[in-house]
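Architecture and fold: a report
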Amino acid sequence: MTKVITSGKTVEDAVNQGLTELGVSRDKVEIQVLEQPSKGFLGLFGVRAAKVEVKILPVPEAVPQPIKPAACKPELDDALLEDIAAKNPYEEAAAFLKEVAAGMGLDVEVHIKKQRDGHIFNIAGEDLGMIIGRRGQTLDALQYLTNIVANRYSESFVRIVLDAENFRQRRRKTLEDLAERLAGQAIRTGKEVVLEPMPPLERKVIHAKLQNHPQIKTLSKGEEPNRRVVITTK
């Protein structure tokens, strides 16, 4: 995959999501803004999402370089690249999180746990509600940025899931309970139930919970970030 079209509340959010999906840093892509976001009351809520196209730049053909005299020292850029390559991407990502938290007036620890398909960063500390945000929106935004930072220091793509106060598991349980309750409503009324807009990972939880239901089917409709799950009878 060399090109994606992503959406977000702001152009920067959309760009960051595209960088995460492609697994590259900003200097390796070409960005085209397809739609500017429109603002709602006092500019706090987006009526229409920003949409961008993020495309990986082609790798330029190698150009023969003149042989340097033996006495020449390595260029400063080479030293800088070596310095970046020597750094641990997970340690750099954890340091970034601590710096962001400090800017919010919070003192946190980041515990890193390796899993088969990536790493989980568990944030520990007091007053983590600011980091989690409403329904995990701030946590999701920080997760995007954390992945960008980590991949800047890694030669291969790395994936980090950010969690705090076991929010991910608690949110999954809430969504699964919601799916069961609304499935029952759809069966009783015979009418489809349209949920509020959710990010892709949360929609996936709803779909997975009801995928084997004998009377219910689910689908998604709309465009990001206003894409919704629809629960209806078979």
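Attention here is on the structure that accompanies the text. All figures in this text were calculated on a predicted structure; none of them were measured in a lab.

Observations regarding the pattern of salt bridges
Working definition: two side chains of opposite charge can pair if their charged atoms are close together. For the structure on display, the rule yields 11 salt bridges. For the salt bridge of Arg26 with Glu12, the shortest nitrogen-to-oxygen distance reads 2.9 Å. On the criterion of sequence distance, the pair formed by Arg26 in the loop between α1 (11-22) and β2 (29-35) and Glu12 in helix α1 is long-range, its members being 14 residues apart. In this structure Arg26 comes out as partly exposed when scored by relative accessible area, which is 40%. Of the charged contacts in the structure, one is a salt bridge between Lys209 and Glu180, with a shortest N-O distance of 3.2 Å. Here Lys209 is found in helix α7 (residues 200-210), whereas its partner Glu180 is found in helix α6 (residues 167-189), with 29 residues between them in sequence. Judged by relative accessible area, which is 34%, Lys209 ranks as partly exposed.

So, unusual backbone geometry
Following Glu224, the chain continues to Pro225 via a peptide bond in cis, the omega torsion being 0°. Looking at where Pro225 falls in the secondary structure, it is placed in the loop between β10 (216-221) and β11 (228-233). A positive phi angle, near 55°, is found at Glu165, a position not held by glycine. If you trace the backbone, Glu165 turns up in the loop between β8 (160-164) and α6. Unlike most non-glycine residues, Asn166 shows phi in positive territory, near 60°. When you line up the elements, Asn166 lands in the loop between β8 and α6.

Regarding α7
Listed in full, the buried residues belonging to α7 are Glu202, Arg203, Val205, Ile206 and Leu210. Looking down the long axis of α7, one finds its buried residues gathered within 150° of arc, a one-sided arrangement. Projecting away from the buried face of α7 at angles above 90 degrees are the exposed residues Leu201 and Lys204. Structurally, α7 contributes buried residues whose contacts are with α6, β10 and β11.

Examining the sheet that holds strand β6 (residues 108-115)
In sheet architecture, strand pairing relies on hydrogen bonds along the backbone and comes in two forms, parallel and antiparallel. Taken in spatial order, the 3 strands line up as β6-β7-β8 in an open sheet, and their pairing is mixed. On the outer flanks of this sheet lie β6 and β8, each paired with one strand and no other. Pairwise comparison of adjacent strand axes, ignoring direction, gives a mean angle of 25° for this sheet. Here strand β7 (residues 118-125) runs beside β8; their pairing, made up of 5 bridges, is parallel. Counted as the bridge partner of Ile120 is Val161 from β8. The sheet strands contacting helix α3 (residues 89-103) are β6, β7 and β8, and the helix crosses β6 at an angle near 150°. Here helix α5 (residues 137-152) sits on the sheet and contacts β7 and β8; the angle it forms with β8, its principal contact strand, is near 140°.

Remarks on the sheet that holds β11
Within the open sheet, the 3 strands sit side by side as β9-β11-β10. Their pairing is antiparallel. Across the chains shown, the open sheet's two edge strands, defined by having one partner strand only, are β9 (193-194) and β10. Relative to β11, β9 is paired through 2 bridges, and the arrangement is antiparallel. Counted as the bridge partner of Val193 is Ile231 from β11. Its contacts with the sheet place α6 against β9, β10 and β11, and it is angled at close to 45° to β11.

What counts, and at which threshold
Residues numbered from 1 in each chain as written. Predicted model: local features only at pLDDT ≥ 70, side-chain atom pairs only at ≥ 80, totals over all residues. Heavy atoms only, no water. Salt bridge = Lys/Arg side-chain N within 4 Å of Asp/Glu carboxyl O. Helix = DSSP H or I, 4+ residues; strand = E, 2+ residues; numbered from the N terminus. Buried < 20%, exposed > 50% of the residue type's maximum accessible area, 1.4 Å probe, protein only. Arc of directions from axis to C-beta. Contact = heavy atoms within 4.5 Å. Pairing = 2+ DSSP bridges. Axes fitted to C-alpha atoms, helices over the stretch in contact; angles between N-to-C directions.

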